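# Close look at the chain arrangement
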Amino acid sequence: MQEIDNTNQEAQNENRSEFSKIEQQEKMIYHFVYIKSIIENLFENENDKQKKNVLKLIKNFEKDLEEVLETKISNKDKLIYLQLKNSNLDSKALKLSKYIE
C-alpha cells in the first residue's frame, strides 16, 4: 500500500488560512492571468485557427472565473501582477508588496 504524504497539503492549508476568502478568490484569478500569459507566449509565433480557438477559450474562461468567484480585477492590476510575477523578487518580497501603496 502507498503512503500519502500530507505535509505538503498541510503547508498549503496554512498558506490558504492567512488569506481571506476574497483574497483567495483574487489569488486564483491572478494565478490564472499568469498561466494565460504563458500560454499566449507559447502561441506568439503561431498564425492558425488553433491559436485563435485557444486564446478565445482562455479569455472566456477568465471571464467565467471572475463571474463565478464574483470578483472583478482591473486590467491594470492584472498587468502589475504579471510584472511582479515575472520580476526577480523573491516570494517574501512579493508578499510584502501587498502593503505598499
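Residues numbered from 1 in each chain as written. Predicted model: local features only at pLDDT ≥ 70, side-chain atom pairs only at ≥ 80, totals over all residues. Heavy atoms only, no water.

## What to know about the packing of aromatic side chains
Heads up, the rule is: Pairing of aromatic rings covers Phe, Tyr and Trp, the last counted by its six-membered ring, and requires centre-to-centre distances within 6.5 Å; plane angles under 30 degrees mean stacked, over 60 mean edge-to-face, and any other angle means tilted. Secondary structure elements follow DSSP: runs of H or I of four or more residues count as helices, runs of E of two or more count as strands, with numbering from the N terminus. Any residue under 20% of the maximum accessible area for its type is buried, any over 50% is exposed, and the rest in between are partly exposed; the area is computed with a 1.4 Å probe on protein chains only. Remark: a charge is flagged as sitting over a ring if the NZ atom of Lys or the CZ atom of Arg is within 6 Å of the ring centre and within 35 degrees of the ring normal.
Applying the stated criterion across every chain, the model contains two aromatic pairs. With centroids separated by 4.7 Å and ring planes inclined at 25°, the aromatic side chains of tyrosine 30 and tyrosine 81 adopt a geometry described as stacked. Here the residue tyrosine 30 occupies a position in helix α2 (residues 21–42), and tyrosine 81 occupies one in helix α4 (residues 75–85), the gap between them amounting to 51 residues. Judged by its relative accessible area of 17%, tyrosine 30 is buried. On the numbers, 4.9 Å between centres and 50° between planes, the contact of phenylalanine 32 with phenylalanine 61 is tilted. On the criterion of sequence distance, the pair formed by phenylalanine 32 in helix α2 and phenylalanine 61 in helix α3 (residues 49–69) is long-range, its members being 29 residues apart. For phenylalanine 32, a relative accessible area of 13% puts it in the buried group. A cation over an aromatic ring shows up here: lysine 85 above the ring of tyrosine 34, its NZ or CZ 5.2 Å from the ring centre.

## Quick look at the side chain of threonine 71
The line we're drawing: Two N or O atoms form a polar contact when they lie within 3.5 Å of each other; inside protein one atom must be a possible hydrogen donor and the other a possible acceptor, and for residues adjacent in sequence the pair counts only when both atoms belong to side chains.
Mapping threonine 71 onto the fold places it in the loop between α3 and α4. With relative accessibility at 8%, the residue threonine 71 sits in the buried group. One polar contact links threonine 71 to glutamine 25, side chain to side chain, over a distance of 3.2 Å. In this structure the side chain of threonine 71 is engaged in a polar contact, spanning 3.0 Å, whose partner is the backbone oxygen of leucine 69.

## As for the layout of surface pockets
Threshold: Site definitions follow a grid-based scheme: protein atoms alone, a 1 Å grid, a 1.4 Å probe that fits but cannot get out for cavities, and for pockets an open set with protein on both sides within 12 Å along at least five of seven lines, plus lining residues having an atom within 4 Å of a point. Grid points are joined across faces, edges and corners, and a volume is the space filled by probe spheres set on the points. Three classes are used: nonpolar for Ala, Val, Leu, Ile, Met, Phe, Trp, Tyr, Cys and Pro, charged for Asp, Glu, Lys and Arg, and polar for all others, with Gly counted as polar.
A volume near 1000 Å³ is recorded for the largest pocket. Counting residues per element, the ones that place at least two in the lining of the largest pocket are α2, α4 and α5 (91–96). Looking at side-chain class alone, the lining of the largest pocket contains eight nonpolar, four polar and nine charged residues. Estimates place the volume of the second largest pocket at around 220 Å³. Forming the walls of the second largest pocket are Val33, Lys36, Lys59, Glu62, Lys63, Glu66, Lys72, Asn75, Lys78, Leu79 and Leu82. When contributions to the lining of the second largest pocket are tallied by element, the ones reaching two or more residues are α2, α3 and α4.

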